[in-house]
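Analysis of the macromolecular model
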Amino acid sequence: MKECQHVAALPHPEPAALSETCLECVAAGSHPVQLRKCLECGHVGCCDSSPLKHASAHCRESAHPVMRTLEKGEDWRWCFVDNVLV
């Protein structure tokens, strides 16, 4: 099982979400499928099931590896670098 070393470097407490939706989707006239929040800066982006995949794009552009779901009833985090639930 692959482990993630990025979680230990995350800020505590985690940052507040910078928005309630994916602002890049709003600007592009698209609709996010599900939302993800960056655990380093609070950026909110759409998931990889969304047409524009802004959460993973944010990871590539910012080098912030770990995000969490913002979906109600879900409580999980994902590391884009290690490709594992953390």
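See above for the structure.
Here is a short report on the structure shown in this document.

So, how was this worked out
- Residues numbered from 1 in each chain as written.
- Predicted model: local features only at pLDDT ≥ 70, side-chain atom pairs only at ≥ 80, totals over all residues.
- Heavy atoms only, no water.
- Pairing = 2+ DSSP bridges.
- Helix = DSSP H or I, 4+ residues; strand = E, 2+ residues; numbered from the N terminus.
- Contact = heavy atoms within 4.5 Å.
- Axes fitted to C-alpha atoms, helices over the stretch in contact; angles between N-to-C directions.

**Here's the deal with the sheet that holds strand β2 (residues 44-46)**
- With respect to topology, five strands assemble into an open sheet ordered β2-β1-β3-β4-β5, the strand pairing being antiparallel. Of all the strands in the sheet, just β2 and β5 (84-85) have a single pairing partner and so form its edges.
- With three bridges connecting them, strand β1 (residues 35-38) and β2 associate as antiparallel partners. Residue pairing for β2: Lys-37 is matched across the bridge by Val-44.
- Running over the sheet, helix α2 (residues 54-62) touches β1 and β2 and is turned about 125 degrees from β2.

**Brief notes about the side chain of His-54**
- Here His-54 shows up in helix α2.
- Every residue in contact with His-54, bar those within four places of it in the chain, is listed here: Cys-22, Glu-24, Cys-25, His-43, Gly-45 and Cys-46.

Read these as geometric descriptors, not functional statements.
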